[in-house]
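Close look at the chain arrangement
Here's the letter readout for the chains.
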Amino acid sequence: MTWRESELRTAHLVASVLLGYPDDRLYDARRVLAEAVATLPAGEVRDRLAGFLDHTAVTAQGDLAAHYVATFDLKRRCCPYLTYYSYGDTRKRGGALLRFKHALRAAGFELADGELPDHVAVVCELSARGAVHEARRLLREHRAGLELLRTALADERSPYADVVAAVTATLPPAGRREQEATLRLAAEGPPAEEVGLEPYAVMEASR
């Protein structure tokens, strides 16, 4: 389907909130978020986001928070940081992270200290703030990682699979090259060079 920019911004705004840690901000905003979702066109994106909000209606905040930590913080295969899938903890990841940070800066979006710019929620917020083209470009460039995250969450029977699937559904259908990249990444996994993110910090410090 063809999305209007306002619809994409709304869908990505909701997704960015839902993919963040489930604190009081999320639970207090559920009614407003549900109203925003109801304005979206009928289809997978609206259904998936509404499904997650329905889950929060029957799940205690503490229980969802515990699931969030157990899923995103403790399961490497459910990593919400998009560059991890393509670069692992290698030196090349530093350059990839800078591309995300440059896109955020160009949109006037400064992250808090310690935050990485490639978190799916951050990229969705970038779109919600008006940089729709830039955010979708980053999501498409890292489509393989996004698809693997969605699959991993579905395998874990996590309600967050619905939110990531909604984000994926706002993108054009995956082409052959994207499908091949996803299959290759699923078979090989991220690179294994364990050097941390020090090169990223050095590159930032030199700017």
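Just so it is clear, the structure is predicted and the values come from calculations on it, not from any experiment.

**Structural notes on unusual backbone geometry**
The residue Arg157 is not glycine, and still its phi comes out positive at about 55 degrees. Its location among the elements puts Arg157 in the loop between α10 (143-155) and α11 (160-169). Look at Arg157 and you get exposed, because its relative accessible area is 78%.

**What to know about a nonpolar patch on the surface**
A cluster of nonpolar side chains, contributed by Tyr21, Val69 and Leu74, occupies part of the molecular surface with about 300 Å² of accessible area. Relative to the helices and strands, Leu74 is located in the loop between α5 (61-73) and α6 (82-87). Owing to a relative accessible area of 65%, Leu74 belongs among the exposed residues under this scheme.

**Notes on the packing of aromatic side chains**
Tallying each qualifying case throughout the model produces six aromatic pairs. Pairing Phe72 with Tyr160 gives two aromatic rings, centres 5.1 Å apart and planes at 75 degrees, and the pair type is edge-to-face. With a gap of 88 residues between them, Phe72 in helix α5 and Tyr160 in helix α11 connect regions that are remote in the sequence. When its relative accessible area of 9% is taken as the criterion, Phe72 is described as buried. Taken together through their ring pairs, the aromatic side chains of Tyr21, Phe52, Tyr68, Phe72 and Tyr160 make up a single cluster. In this structure, Arg129 is placed above the aromatic ring of Phe109, and the distance from its NZ or CZ to the ring centre is 4.0 Å.

**Concerning the confidence of the model for the protein**
The pLDDT averaged across the protein works out to 90; a share of 92% of its residues lies at or above 70. Below a pLDDT of 50 lies the segment residues 194-207, which in the model reaches 25 contacts outside its immediate sequence neighbourhood of four places, other chains included.

**Topic: the side chain of Glu147**
Relative to the assigned elements, Glu147 resides in helix α10. Given the relative accessible area of 12%, Glu147 is considered buried. Setting aside its immediate chain neighbours within four residues, Glu147 contacts Thr168 and Thr182.

**A closer look at the pattern of salt bridges**
Inspection of the entire model under this criterion finds 18 salt bridges. Taken together, the shared-partner salt bridges connect Arg140, Arg143, Glu147, Arg150 and Glu178 into one network.

**Some details on the nonpolar core**
Counting residues in each nonpolar core, the largest one holds 55 residues, and the members touching the most others are Leu18 and Leu49. Setting aside its immediate chain neighbours within four residues, Leu49 contacts Ala11, Val14, Ala15, Leu18, Val37, Leu40, Val163 and Ala166.

**Focus: the side chain of Thr71**
Here Thr71 is to be found in helix α5. Contacts of Thr71, omitting those with residues within four sequence positions, involve Cys78, Leu153 and Ser158.

**Topic: the packing of α10 against helix α12 (residues 176-188)**
Relative orientation and spacing of two packed helices are given, respectively, by the angle between their axes and the distance between those axes. At a minimum axis separation of 8 Å, α10 and α12 run at an interaxial angle of 60 degrees. It follows that α10 is oblique to α12 by the angle criterion. Crossing geometry of α10 relative to α12 is assigned as right-handed. For the pair α10 and α12, contact is made by Arg143, Ala144, Gly145, Glu147 and Leu148 and by Glu178, Ala181, Thr182, Leu185 and Ala186, respectively. Taken together, the residues of the contact of α10 with α12 sort by class into five nonpolar, two polar and three charged.

**Focus: the environment of Arg31**
Relative to the assigned elements, Arg31 resides in helix α3 (residues 30-38). The exposure class assigned to Arg31 is exposed, which follows from its relative accessible area of 59%. Note: C-alpha distance between Arg31 and Val164 (133 residues apart in sequence) is 20 Å.

About the cut-offs
- Residues numbered from 1 in each chain as written.
- Predicted model: local features only at pLDDT ≥ 70, side-chain atom pairs only at ≥ 80, totals over all residues.
- Heavy atoms only, no water.
- Helix = DSSP H or I, 4+ residues; strand = E, 2+ residues; numbered from the N terminus.
- Buried < 20%, exposed > 50% of the residue type's maximum accessible area, 1.4 Å probe, protein only.
- Patch = residues over 30% accessible without salt bridge, like charges linked within 9 Å, V, L, I, M, F, W, Y side chains within 5 Å.
- Areas by Shrake-Rupley, 256 points an atom, 1.4 Å probe, with all protein chains shown as cover.
- Salt bridge = Lys/Arg side-chain N within 4 Å of Asp/Glu carboxyl O.
- Phe/Tyr/Trp six-rings, centres within 6.5 Å; stacked < 30°, edge-to-face > 60°.
- Lys NZ or Arg CZ within 6 Å of the ring centre and 35° of its normal.
- pLDDT = per-residue confidence, 0-100.
- Contact = heavy atoms within 4.5 Å.
- Core = buried A, V, L, I, M, F, W, Y, C linked by side-chain atoms within 4.5 Å.
- Axes fitted to C-alpha atoms, helices over the stretch in contact; angles between N-to-C directions.
- Parallel < 35°, antiparallel > 145°, perpendicular 65-115°, else oblique.
- Left-handed = near helix turned anticlockwise from the far one by under 90°.
- Nonpolar A, V, L, I, M, F, W, Y, C, P; charged D, E, K, R; others polar.

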